[in-house]
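The residues making up each chain are set out below.
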Amino acid sequence: MRLLVVEDDKRVARALKRGLEGEGFAVDVAFTGEDGQWLAGENAYDAMVLDVMLPGLDGLELCAALRDGGNWTPILMLTAKDAPDDEARALDGGADDFLSKPFSYAVLVARLRALLRRGGGARPTELVAGDLRLDPAAHQVWRGETEVPLTPRQFSLLEFFMRRAGEVLSKAEILEHVWDFAFDGDPNIVEVYVRQLRQRVDIPFDRAALQTVRLAGYRLAADGG
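So, here's what we can say about the structure. (Residues numbered from 1 in each chain as written. Predicted model: local features only at pLDDT ≥ 70, side-chain atom pairs only at ≥ 80, totals over all residues. Heavy atoms only, no water.)

### What to know about the sheet that holds strand E3 (residues 47-51)
Two modes of strand pairing occur in sheets, parallel and antiparallel, and in both the strands are linked by backbone hydrogen bonds.
Part 1 of the reasoning: Taken in spatial order, the five strands make up an open sheet running E2-E1-E3-E4-E5, and their pairing is parallel. If you trace the sheet from one side to the other, it starts and ends with strand E2 (26-30) and strand E5 (97-101), each paired once. Between one strand axis and the next, the sheet turns through 20° on average, direction left out of account.
Part 2 of the reasoning: One ladder, built from five bridges, connects strand E4 (residues 75-80) with E5; its direction is parallel. Among the inter-strand pairings, Leu 78 is bridged to a residue of E5, identified as Leu 99. (Pairing = 2+ DSSP bridges. Helix = DSSP H or I, 4+ residues; strand = E, 2+ residues; numbered from the N terminus. Axes fitted to C-alpha atoms, helices over the stretch in contact; angles between N-to-C directions.)

### Quick notes on helix H2 (residues 33-42)
Part 1 of the reasoning: Of all the positions in H2, only Gly 33, Gly 36, Leu 39 and Ala 40 are classed as buried. Seen from one end, H2 has its buried residues packed into an arc of 120°, which puts them on one side. Those residues of H2 that are exposed and aimed more than 90 degrees away from the buried face are Gly 41 and Glu 42.
Part 2 of the reasoning: Structurally, H2 contributes buried residues whose contacts are with strand E1 (2-6), E2, E3 and helix H3 (59-68). (Buried < 20%, exposed > 50% of the residue type's maximum accessible area, 1.4 Å probe, protein only. Arc of directions from axis to C-beta. Contact = heavy atoms within 4.5 Å.)

### A few points about the packing of helix H6 (residues 152-163) against helix H8 (residues 189-202)
Part 1 of the reasoning: Relative orientation of the contacting elements H6 and H8 amounts to 85°, with a least axis distance of 10 Å. Considering the angle they form, H6 stands roughly perpendicular to H8. Across the interface between the two elements, Arg 153, Gln 154, Leu 157, Leu 158 and Phe 161 of H6 pack against Tyr 193, Val 194, Gln 196, Leu 197, Arg 200 and Val 201 of H8. (Parallel < 35°, antiparallel > 145°, perpendicular 65-115°, else oblique.)

### So, the packing of aromatic side chains
Part 1 of the reasoning: Under the criterion given, the structure shown has zero aromatic pairs.
Part 2 of the reasoning: Stacked on the ring of Phe 31, the Lys or Arg Lys 10 has its end atom at 5.2 Å from the ring centre. (Phe/Tyr/Trp six-rings, centres within 6.5 Å; stacked < 30°, edge-to-face > 60°. Lys NZ or Arg CZ within 6 Å of the ring centre and 35° of its normal.)

### Some details on the pairing of strand E11 (residues 210-213)
Part 1 of the reasoning: Sheet topology note: the E11/strand E12 (residues 217-220) ladder contains four bridges and is antiparallel. Pairing of Val 213 across the sheet is with Gly 217, part of E12.
Part 2 of the reasoning: Two successive antiparallel strands, E11 and E12, enclose a turn made up of three residues, where Leu 215 displays a positive phi of approximately 65°.

Written out as structure tokens, the structure is:
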């Protein structure tokens, strides 16, 4: 899933990016509210992490501006521990959840997973397509009773397919959600990772869940292939 982190402390922002990418997320970072607003307007994100204390346009103002503009992407606000009013203001301003600094990284990831499950309607804790199952929180995938090991990027790609099972996804859509804003490599990287996924979750189990749709993109069969 693709995230936007808006945090003016560059050390914290880069640590969040590094950690979240290790969890399989694609992460874009902005250091100002204005840059965050521009990125949010130019890209489709699955969730956002906004710090309240930002220079210029602060996190609360950014959140309100996004909601006023009809952007209802789930938002997790980072608030100061010594400013309890920020928590109420964050929720009143349209944020979906908040976390006080300093925070547990494990709790941050769990809160984001919860927001992703809720975003765009109720989502199950475990994603299922036939006998193919994926647990986003535990980072585990199974074919039947067999656990299938995946790299973080492979996992993120499969999660995106399973959240949109049955839909044809273009290469551009996949790049937009599974790779970050800074990606400027060969778009054919999508083909490489789809092939890797087939070798992990399809071929060994005599399945054909991941389908190529000529001139359109790829689709994960809703019945698991």
